[in-house]
Amino acid sequence: MKILADIQDSYNELVHKVSWPTKSELANSAVVVMFASLIIAIVIFAMDQCIDKIMHLIYGGL
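Because the structure is a prediction, the values reported are computed rather than measured. (Residues numbered from 1 in each chain as written. Predicted model: local features only at pLDDT ≥ 70, side-chain atom pairs only at ≥ 80, totals over all residues. Heavy atoms only, no water.)

We now examine the overall build of the chain. Regarding its fold elements, the chain presents two helices and zero strands. Against the compact-globule benchmark of 11 Å for 62 residues, the chain has a radius of gyration of 24 Å, which places it well outside the compact range. C-alpha atoms of the chain, sized along the principal axes, occupy 70 × 35 × 10 Å. With 62 residues in all, the chain has 0% of them scored as buried. Surface accessibility of the chain: about 6000 Å² in total, with carbon and sulfur atoms responsible for 72%. A distance of 4 Å separates the average location of the 4 positive side-chain charges in the chain from that of its 6 negative side-chain charges. (Helix = DSSP H or I, 4+ residues; strand = E, 2+ residues; numbered from the N terminus. Rg over C-alpha atoms; globule rule 2.2 N^0.38 Å. Buried < 20%, exposed > 50% of the residue type's maximum accessible area, 1.4 Å probe, protein only. Areas by Shrake-Rupley, 256 points an atom, 1.4 Å probe, with all protein chains shown as cover. Lys, Arg positive; Asp, Glu negative; His and termini not counted. Charge placed at Lys NZ, Arg CZ, Asp CG, Glu CD.)

This is how it looks when you write it as structure tokens:
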């Protein structure tokens, strides 16, 4: 059966060919992602606040 062969191939690839990160590498990557997400959120918030102020100046706080 084709499906069973695909499942076996997937299993073999995951077990023998994939290099899994260590716990410390995974923790470091998680910290990098959290800081990057925080920085992006702050930048988007700042842009939103600037656009809000500009719109209030243009439309006079309608």
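Moving on, there is more to tell.
Moving on to the pattern of salt bridges. Under the defined criterion, the tally for this structure stands at one salt bridge. A salt bridge links Asp6 to Lys2; the shortest N-O distance between them is 3.4 Å. Taken as a pair, Asp6 and Lys2 lie in helix 1 (residues 2–16) at a separation of four residues, close to a single helical turn. Classification of Asp6 as partly exposed rests on a relative accessible area of 35%. (Salt bridge = Lys/Arg side-chain N within 4 Å of Asp/Glu carboxyl O.)

Together, Tyr11, Leu14, Val15, Val18 and Trp20 line one region of the surface with nonpolar side chains, adding up to about 510 Å² of accessible area. In this fold, Val18 is placed in the loop between helix 1 and helix 2 (23–59). Since its relative accessible area comes to 32%, Val18 is described here as partly exposed. (Patch = residues over 30% accessible without salt bridge, like charges linked within 9 Å, V, L, I, M, F, W, Y side chains within 5 Å.)

Attention now moves to the environment of Val31. As for its placement among the helices and strands, Val31 is situated in helix 2. Relative accessible area serves as the criterion here: at 36%, Val31 is assigned to the partly exposed category. Taking the C-alpha atoms as reference points, Val31 and Val43, separated by 12 residues in sequence, lie 18 Å from one another.

To continue, consider the environment of Val15. Inspection of the secondary structure assignment puts Val15 in helix 1. Owing to a relative accessible area of 42%, Val15 belongs among the partly exposed residues under this scheme. In this structure the C-alpha to C-alpha distance between Val15 and Ile51, which are 36 residues apart in sequence, comes to 50 Å.

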